Amino acid sequence: MESYNNSGHRPGGTASGLTLTRLLVGVATAPVLAGLWGAQTLFESTIALGEASEELFRGDRLPILNVPHDESESQKAQST
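Structural notes, computed from the coordinates. In this text the structure is predicted, and so the values were computed from the model without any measurement. (Residues numbered from 1 in each chain as written. Predicted model: local features only at pLDDT ≥ 70, side-chain atom pairs only at ≥ 80, totals over all residues. Heavy atoms only, no water.)

1. Notes on the overall build of the protein
- Across its full length, the protein holds 2 helices and 0 strands.
- A buried classification covers 0% of the 80 residues belonging to the protein.
- For the protein, the exposed surface amounts to about 7,800 Å²; the carbon and sulfur share of it is 63%. (Helix = DSSP H or I, 4+ residues; strand = E, 2+ residues; numbered from the N terminus. Buried < 20%, exposed > 50% of the residue type's maximum accessible area, 1.4 Å probe, protein only. Areas by Shrake-Rupley, 256 points an atom, 1.4 Å probe, with all protein chains shown as cover.)

Here it is in C-alpha cells:
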C-alpha cells in the first residue's frame, strides 16, 4: 500500500519536479540579472546625458561675441 501526505501526493514523487524547478530558476537567473544590470546602466547613462546637455545649453562656456555696431545707425544718432 502506498503512503500519501496531507496534500494527497506521494512524498517521493516530487523529486523530478523540484529538479526541474531548480533547473528553470537557475537558467532564468542569469538573464534576469543581466536585464537588471542593463536597465541600471541605461538609467545612469540617461542621467549623465541629461546633465551634459544641461551644461551645454546653460551657456557658461560660450564665447562672448563682439557684435559690431552698424555705422549708419551711429551717424543717424549723431545727426539728430
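2. Here we look at a nonpolar patch on the surface
- On the surface, Leu20, Leu23, Leu24 and Val27 cluster together to form a nonpolar patch covering roughly 400 Å² of accessible area.
- Summarising the element assignment, Leu20 is placed in helix α1 (residues 15–58). (Patch = residues over 30% accessible without salt bridge, like charges linked within 9 Å, V, L, I, M, F, W, Y side chains within 5 Å. Salt bridge = Lys/Arg side-chain N within 4 Å of Asp/Glu carboxyl O.)

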